[in-house]
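# Architecture and fold: a report
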Amino acid sequence: MPDPILVPAAQPQASSEEESRKLAEGARETAWVFPSFLKEIFGGRFDLGLLASVPQPAPARPGFAAFHARMKAFLSQVDSDRMDREGAYLPEALQALKDMGAFGMKVPAEYGGLGFSQWEYGLIMELLGSQDANLLALLSAHQSIGVPQPLKLFGTEEQKARYLPRIAEGAVSAFALTEREAGSDPANLRTTLRRTPEGGFLLSGEKLWCTNGTIADFYVVMARHDDTREISAVIVERAWEGVEVVRRCRFMGLRALENGVVRFKDVRVPKENLLLGEGKGLKLALVTLNTGRLSIPSALMGAFKRLVQIHRAWDSARIQWGQPIGRHEAIGQTAADCAATAFAVEAVAQLCNRMADAGDRDIRLEAAMAKMWTTEEAWTALDRVLQARGGRGYETADSLRARGEAPIPVERMMRDARINLIFEGSSEIMRLFIAREAVDMHLAKAWDLVNPKSPLGQRLKALPRALAFYAAWYPARWFGLLTPFHHLDHTRLGGHLRFAERRARKLGRALFHQMLRHGPRLERKQATLFRAVEIGADLFAMCAAVLHARDLERAQAPHAKEATDLADLFCLNMRRRIAARFRDLRIHSDGLKARVSGQLLDGAYRWMEEDLVPSEAIDSLEPGGGGGSVG
């Protein structure tokens, strides 16, 4: 009998744009109970106090310090190149992680876990990120989006008592959302929950790219009720009848990753395993990811510091034209930018972790921004480090070792890091998510006015409210007479904060101008909105870097002066980039690109393909060509 993975059945009709939009809007967190720095930034307001007042982390607990030391010792001995080469986790490594309680880092102590704060957890992610991305993915997918985090946030006492102790002892968990036709658009979800007479459900469907799925003991599964069409989250045990791991997937990087296709066929799920409530699955996922995404920026703290270390060692040792390559300006500037950005990545990650622990700020935008911004900066830095290493950067660690050279795994790091721009929300999805919130203020105040579908009476009713708001808001986005006297306590770095404050007001104006120009069509102007998001991200990173340097200075850290230099250099780089992005809001080729891309999809440029070797795989993507089947 043909494997349905290889020869897929006829694909069901994809959801309409209206259905997808309705589902996404229904899952959004619409209320802002707590303040958000980035929400204010997109509204043209600069409230640095929201960041400056974030509490510092508590002193390290003896238990955490001991675990940190143990993890560091373990990672120094683990054979990461072997796991990459063999494409499998070493059994002894998995056992060591279980023995030290690593799978229970975020499980409260009363359930047998280590009960780490987000700050403490972030420091462990930093260690993992500096050494082994495969083990990092195993632990972060398990703790951040697997069973422990949603169970902590939304589980009943009975659910916690049943599952958290087993997780603390080393049971592995996974998150199952993606399907062949459902990824960023969950409206295409086909996995179903059918009601049983006893009040439970029968779960049927297939999940793709389920990280940890091939070895997981428990899954959080997103599925659609066949009657209400709502999406719910349920806890499913691997041992239950009808749960089948169909196939393990293989990737460019993270070659030991236990990721695969998991099938559910009439799996009996008791009603007690419903998480949060019926129809609240996507909301659970979004709230869980608010902190879950922070694993990646935390890990990139370690990865970035490793890149700085490689620069320092290699740029000093490699002699060309009579001096170390790091003394040549081209390489030296690359190394300096890498160090400055590493400092900013640490600042962003640590600030977000502290905000998560404080619990008195809304971090949905900050977490998404941190994930998007740090992953893109890391990819750029890795590319430049590989370039500085030349052929040795492109060569595998095993090959370098066999030739008697230092086995620095830049090639492996680059393969492993690429997924970070896709994991837990791709960069494009992060931009869409942030952009939707960025224009939320204007939609709330003026949507009835600019929406062409609004009846005349509704528009007339909305007009006085909009005029009253913008009559006060808009002039204030222009005039900042006291700005030259702000942030003087930051001395040398205060100028960067004054720049950020002025640009925040300009960003608020720019979004307002775009809304006036495009009206409701603005939500389709993704290139325009993405530029605004990128400006907001750079402003946030600037502020985080300056505050991080200030904190080190106030703590009289021995390296405070060097930290100030790094923050200064980083902010100067960002100021140039922000200026260019504001310019791109006005001068761009979006219209021409839209025309060319439309023509490309319509086949107008097939003449460019005439001299290529035929590809059956690509041809299968054509309408009627099999939809990507490899069978």
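Above this text you will find the structure in question.
Here is a short report on the structure shown in this document. (Residues numbered from 1 in each chain as written. Predicted model: local features only at pLDDT ≥ 70, side-chain atom pairs only at ≥ 80, totals over all residues. Heavy atoms only, no water.)

## Comments concerning the overall build of the protein chain
Each helix and strand in the protein chain was counted, giving 25 helices and ten strands. Relative to its length of 631 residues, the protein chain is compact, with a C-alpha radius of gyration of 26 Å against a globular reference of 25 Å. Viewed in the frame of its principal axes, the protein chain has a C-alpha envelope of about 75 × 70 × 65 Å. Within the protein chain, the fraction of its 631 residues that count as buried is 51%. Long-range pairs, those at least 24 residues apart, make up 76% of the contacts in the protein chain with a sequence separation of at least 6. The centroid of the 84 positive side-chain charges in the protein chain is displaced by 5 Å from the centroid of its 77 negative side-chain charges. (Helix = DSSP H or I, 4+ residues; strand = E, 2+ residues; numbered from the N terminus. Rg over C-alpha atoms; globule rule 2.2 N^0.38 Å. Buried < 20%, exposed > 50% of the residue type's maximum accessible area, 1.4 Å probe, protein only. Contact = heavy atoms within 4.5 Å. Lys, Arg positive; Asp, Glu negative; His and termini not counted. Charge placed at Lys NZ, Arg CZ, Asp CG, Glu CD.)

## Side note on the nonpolar core
Judged by nonpolar contacts, the single largest core of 90 residues is most densely connected at Phe37, Met369, Phe540 and Phe570. Among the elements that take part in this core, helix α22 (residues 526–554) stands out by supplying 16 residues, more than any other. Those residues within four positions of Phe37 in sequence are excluded, and the remaining contacts are Phe46, Asp47, Leu48, Leu50, Leu51, Glu366, Phe540 and Cys543. Counting residues in hydrophobic clusters, the runner-up holds 33 residues, among them Phe103, Met105, Ile124 and Leu128. (Core = buried A, V, L, I, M, F, W, Y, C linked by side-chain atoms within 4.5 Å.)

## Let's talk about the packing of aromatic side chains
Scanning all chains against the criterion turns up 16 aromatic pairs. Measuring from centroid to centroid gives 5.3 Å for Phe67 and Phe116, while their planes differ by 70°, and the two rings are edge-to-face. Placement of the pair is Phe67 in helix α4 (residues 62–77) and Phe116 in the loop between α6 (91–99) and α7 (118–131), with a sequence separation of 49 residues. The class of Phe67 is buried, set by a relative accessible area of 6%. According to the relative accessible area criterion, Phe116 is buried, its value standing at 6%. Between the aromatic rings of Trp373 and Phe570, the centroid separation amounts to 5.7 Å while the plane-to-plane angle is 90°, which identifies the pairing as edge-to-face. Taken together, the residues Trp373 in helix α14 (residues 364–389) and Phe570 in helix α23 (residues 560–586) connect sequence positions 197 residues apart. (Phe/Tyr/Trp six-rings, centres within 6.5 Å; stacked < 30°, edge-to-face > 60°.)

## A few points about the packing of helix α21 (residues 494–518) against α22
Two elements in contact, α21 and α22, have axes separated by 10 Å at closest approach and are oriented at 160°. Taken together, the axis directions place α21 and α22 in an arrangement best described as roughly antiparallel. Handedness of the α21/α22 crossing: left-handed. Of α22, the residues touching α21 (which contributes His496, Leu497, Phe499, Ala500, Arg503, Ala504, Leu507, Leu511 and Gln514) are Thr528, Leu529, Ala532, Ile535, Gly536, Leu539, Met542, Cys543 and Val546. Each residue belonging to the contact of α21 with α22 can be placed in one class, and the counts come to 13 nonpolar, four polar and one charged. (Axes fitted to C-alpha atoms, helices over the stretch in contact; angles between N-to-C directions. Parallel < 35°, antiparallel > 145°, perpendicular 65-115°, else oblique. Left-handed = near helix turned anticlockwise from the far one by under 90°. Nonpolar A, V, L, I, M, F, W, Y, C, P; charged D, E, K, R; others polar.)

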